[in-house]
Amino acid sequence: MRTVRQWQLALLVVCASAAMPALAKMQQRPVEWQLDGARYSGVLVYDDKGDARRPGVVMVPNWRGVNASAIEKAGRIAGDDYVVLVADVYGSAVRPKDNTEAAAAAQPLLRDRARLRARAHAALEALKAQAGKAPLDVSRIAAVGFCFGGSTVLEMARAGMPLAGVVSLHGGLASPVPAAAHSGRVPMLVLNGAADQGVTAEDITGFGREMDAAGADWQFVNFSGAVHCFAESDANSPPGCVYDPHAARRAWKMMGNFLEERFGD
């Protein structure tokens, strides 16, 4: 039989356990939507710490699309601050297994920016539709993209989608459908590897001219020595696509500060 002391200790443990708040858990659940008869499937990521509404982020992955790496990045962005949708712009049946398949999926969209914008807008609407199902404040939504996704979120800004801001990490800058004059409404943070062979000096100069003509609120940061993919910890395809921990730390910090400022946190 237990002694009185043992019963007292057991009671203290029970009371302490009851008083402790439940540990928050990162939720990951599929979200599906349709556009022009095609089905798309993304992943909603957020911390279930409580019911208080928080801002949303549409995160467009690199050209490999919705996969475990993209979901991991979404969790890092979400933390306990945001509800993040990993956006599917290819369609639920398209999940590239390698860079060859990724190029086949991404390049037609880069050639047809109207179609890319429409798919990105559908993902934005899919995130907004999660209000009431997740702790989402639909009045505060931004977009973030990596590589191909970085190009995509800049197209969202060019199209004037209702966003608090966009962040492009090592995305392409040039567009066959540039922003119209005096159309700039969406603040932009563009984070670029200075040694990225896919972004030329002409691209950078042209982007600045385009955004100035649009009257946009934009920031451009070059990270010395960094190449394409510098902010993605699993990037290891030298020489052109390589993680740079020094540049990545700064880029993720800048992105976090930008989102806090845009959301008024």
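What counts as what
- Residues numbered from 1 in each chain as written.
- Predicted model: local features only at pLDDT ≥ 70, side-chain atom pairs only at ≥ 80, totals over all residues.
- Heavy atoms only, no water.
- Phe/Tyr/Trp six-rings, centres within 6.5 Å; stacked < 30°, edge-to-face > 60°.
- Helix = DSSP H or I, 4+ residues; strand = E, 2+ residues; numbered from the N terminus.
- Buried < 20%, exposed > 50% of the residue type's maximum accessible area, 1.4 Å probe, protein only.
- 1 Å grid on protein atoms, 1.4 Å probe; cavity = no way out; pocket = protein on both sides within 12 Å on 5 of 7 lines; lining within 4 Å.
- Points joined across faces, edges and corners; volume = space filled by probe spheres on them.
- Nonpolar A, V, L, I, M, F, W, Y, C, P; charged D, E, K, R; others polar.

S.K.: Help me understand the packing of aromatic side chains in this model?
M.R.: What characterises a pair of aromatic rings is the spacing of the ring centres plus the angle enclosed by the ring planes. Tallying each qualifying case throughout the model produces six aromatic pairs. With 5.8 Å between their ring centres and 85 degrees between their planes, Phe207 and Trp218 make a pair best called edge-to-face. Here Phe207 is found in helix 6 (residues 201-214), whereas its partner Trp218 is found in strand 8 (residues 218-223), with 11 residues between them in sequence. Of the residues examined, Phe207 reaches a relative accessible area of 1% and is grouped as buried. Relative accessible area serves as the criterion here: at 27%, Trp218 is assigned to the partly exposed category.

S.K.: Is there a simple way to think about empty space enclosed by the protein in this case?
M.R.: The gaps of empty space that remain are located by a probe, the size of a water molecule, rolled over the atoms. Enumeration according to the criterion identifies two cavities of 30 Å³ or more in this entry. Considering only enclosed or pocket space, the largest cavity measures out at about 60 Å³ in volume. As for the largest cavity, its lining consists of Val60, Pro61, Asn62, Gly65, Val66, Ala87, Asp88, Val89, Tyr90, Val94, Arg95 and Phe148. Residues of the lining of the largest cavity, tallied by class, amount to eight nonpolar, two polar and two charged. Elements with a minimum of two residues in the lining of the second largest cavity: helix 5 (148-158) and helix 6.

S.K.: Explain the environment of Gly160 here, please?
M.R.: Among the secondary structure elements, Gly160 is positioned in the loop between helix 5 and strand 6 (166-169). When its relative accessible area of 8% is taken as the criterion, Gly160 is described as buried. In this structure, the C-alpha to C-alpha distance between Gly160 and Ala179, residues 19 residues apart in sequence, is 8.7 Å.

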